[in-house]
Amino acid sequence: MTPAPGTPTPPPDDVERIERALGWRPTVFRPAAADRGATDTAARWIVADDDFNPVRRSAFVKIGATDMTADWTRTEYLNYRSLRGRFLPVVLGFDDDGERPALALEDLSRADWPPPWTDERVAAVLAALAAIGRTAPPDHLSRQKVDLGADWRYVSADPVPFLALGLCSASWLDVALPVLIAAAAEAPLVGDSLVHLDVRSDNLCIRDGEAIVIDWNHARVANPDLDVAFWLPSLHAEGGPPPETILPDAPALAAWVAGYFCARAGNAPLADAPHVRPLQVQQSRTALPWAARALGLPPP
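Residues numbered from 1 in each chain as written. Predicted model: local features only at pLDDT ≥ 70, side-chain atom pairs only at ≥ 80, totals over all residues. Heavy atoms only, no water.

Student: I'm lost on the pairing of strand E5 (residues 102–105) in this one. Help?
Tutor: Walk down a regular strand and you will see the side chains alternate between the two sheet faces. Every second residue of E5 is oriented toward a common face, with Ala102 and Ala104 on one face and Leu103 and Leu105 on the other, all of them buried. Direction of pairing for strand E3 (residues 58–64) relative to E5: antiparallel, over a ladder of 4 bridges. If you follow valine 61 over to E5, its bridge partner there is alanine 104. The pairing of strand E4 (residues 91–95) with E5 spans 4 bridges and is antiparallel. (Buried < 20%, exposed > 50% of the residue type's maximum accessible area, 1.4 Å probe, protein only. Helix = DSSP H or I, 4+ residues; strand = E, 2+ residues; numbered from the N terminus. Pairing = 2+ DSSP bridges.)

Shown next as structure tokens:
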């Protein structure tokens, strides 16, 4: 089946990579929704057999197109190979020619991708995060480093990029910084559990009432509460409940998570991941007020 004129298709070398990863040659190509993810420079495709195949096959394929995204793709495949759980997508294949690795996963485009958020969807994600935390982490994963408030100290040393976001006044920041630094330094980051460490809606879908979590290139060994805490600012930004309704009495984690996003959101865009900064701004808008509430600070 020949694609219609003007239909986007991967370059011929990438089609070969996709075929090697899958073990079959797709003839239908559709770009995966770039606005849902944080990485434009990993080519992302929904691929399928032609419509005349009686048992039509489809898949999602990502191809690492730069050194950074290639490393992420290899790391994600290594993690998939090492993990088992209902919270994972099915891996259909992998190809690595040393230049542009191709990772093929099951096609989840017909699953439910929040937002909007409902109580049932929130509960499904929390159940998946609990299952992740109970899963033995592979030996190759590194442990989450203790931060000791470094992100807020970074903001303190050069507040201009953060203040340019308009999330608070300079006078509010002067008062809040010592409290935020001290609280973030007490955050319980260390643990022995598997954590995904990049939980947000573009990495989550719901199928048959269960959450599936994708994009496993940032996984670490740490406190499992980190996954919940990292997710809550984006959940609230997308119309979900306030963070403290799910993770109450967590001022140190709230301060640490807010510091992580606020210290990065105002930086220059990442060439390999241009969506990251806007996502971090969105998460900062809810993470900072959460930290303020948790620490008894006035609203920013």
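There is more to say after this.
Student: Just to check I follow, could you spell out the packing of helix H4 (residues 150–157) against helix H6 (residues 170–184) for this structure?
Tutor: When two helices pack together, their arrangement is captured by the angle between the axes and the distance separating the axes. At a closest axis distance of 8 Å, the pairing of H4 and H6 adopts a crossing angle of 155°. One way to sum up the angle between H4 and H6 is to call them roughly antiparallel. The handedness of the crossing between H4 and H6 comes out as left-handed. In this structure, H4 contributes Trp152, Arg153, Val155 and Ser156 to the contact, and H6 contributes Leu173, Leu177, Leu180, Ile181 and Ala184. Here the residues of the contact of H4 with H6 sort into 7 nonpolar, 1 polar and 1 charged. (Axes fitted to C-alpha atoms, helices over the stretch in contact; angles between N-to-C directions. Parallel < 35°, antiparallel > 145°, perpendicular 65-115°, else oblique. Left-handed = near helix turned anticlockwise from the far one by under 90°. Contact = heavy atoms within 4.5 Å. Nonpolar A, V, L, I, M, F, W, Y, C, P; charged D, E, K, R; others polar.)

Student: What is the right way to look at the state of the cysteines in this model?
Tutor: In a disulfide, the sulfur atoms of two cysteines are covalently bonded to one another. A complete count under the given rule lists 0 disulfides for this structure. Summary of cysteine pairing: cysteine 168 is not part of a disulfide, and the nearest cysteine sulfur, belonging to cysteine 262, is at 7.7 Å. A relative accessible area of 1% means that cysteine 262 is categorised as buried. (Disulfide = S-S within 2.5 Å.)

Student: Looking at this model, I keep getting lost on the environment of arginine 20. Mind explaining?
Tutor: Along the chain, the position of arginine 20 falls in helix H1 (residues 12–22). Here arginine 20 falls in the partly exposed class, since its relative accessible area comes to 44%. Setting aside anything within four residues of it in sequence, one finds arginine 20 in contact with Asp95 and Asp97.

Student: Is there a simple way to think about the packing of H6 against helix H8 (residues 251–265) in this case?
Tutor: Close contact between H6 and H8 brings their axes to 7 Å; oriented N to C, the two are set at 110°. Taken together, the axes of H6 and H8 are roughly perpendicular relative to one another. Between H6 and H8 lies a crossing whose hand is left-handed. Only Pro251, Ala252, Ala255 and Trp256 of H8 make contact with H6, whose side of the interface consists of Leu180, Ala183 and Ala184. In terms of residue class, the contact of H6 with H8 is made up of 7 nonpolar, no polar and no charged.

Student: Whenever I open this one, the pattern of salt bridges confuses me. Can you help?
Tutor: Side chains that differ in charge, positive against negative, can pair when their charged atoms come close. Tallied over the full model, the rule gives 20 salt bridges. For aspartate 71, the salt bridge identified is with arginine 74, shortest N-O distance 3.4 Å. Placement of the pair is aspartate 71 and arginine 74 together in helix H2 (residues 67–82), with a separation of 3 residues, close to one helical turn. Overall, aspartate 71 belongs to the partly exposed group, its relative accessible area being 45%. (Salt bridge = Lys/Arg side-chain N within 4 Å of Asp/Glu carboxyl O.)

Student: Could you clarify how one ought to interpret the packing of aromatic side chains in this entry?
Tutor: We describe a pair of aromatic rings using the distance from one ring centre to the other and the angle between the two ring planes. Summed over all chains, the structure comprises 10 aromatic pairs. With a centroid separation of 6.4 Å and 85° between ring planes, the pair formed by phenylalanine 29 and tryptophan 45 is classed as edge-to-face. Of this pair, phenylalanine 29 sits in strand E1 (residues 28–31) while tryptophan 45 is found in strand E2 (residues 42–48), placing the two residues 16 residues apart along the sequence. Each of the two residues, phenylalanine 29 as well as tryptophan 45, counts as buried. Relative to tryptophan 256, the ring of phenylalanine 230 lies with its centre 5.7 Å away and its plane at 45°, an arrangement referred to as tilted. Remark: tryptophan 256 occurs in helix H8 and phenylalanine 230 occurs in helix H7 (residues 225–237); sequence separation between them is 26 residues. Neither phenylalanine 230 nor tryptophan 256 differs from the other in exposure class; each is buried. (Phe/Tyr/Trp six-rings, centres within 6.5 Å; stacked < 30°, edge-to-face > 60°.)

Student: Explain H8 to me, please; I cannot follow it from the model alone.
Tutor: Side chains that are three or four residues apart share a direction in an α-helix, a result of its 3.6 residues per turn. For H8, with 15 residues, the first-to-last C-alpha span of 21 Å sits near the 21 Å given by 1.5 Å per residue. Extensive coverage of H8 is indicated by the burial of 12 of its 15 residues. In this structure, the buried residues of H8 make contact with H4, helix H5 (160–163), H6, H7 and helix H9 (276–295). (Expected span 1.5 Å × (residues − 1).)

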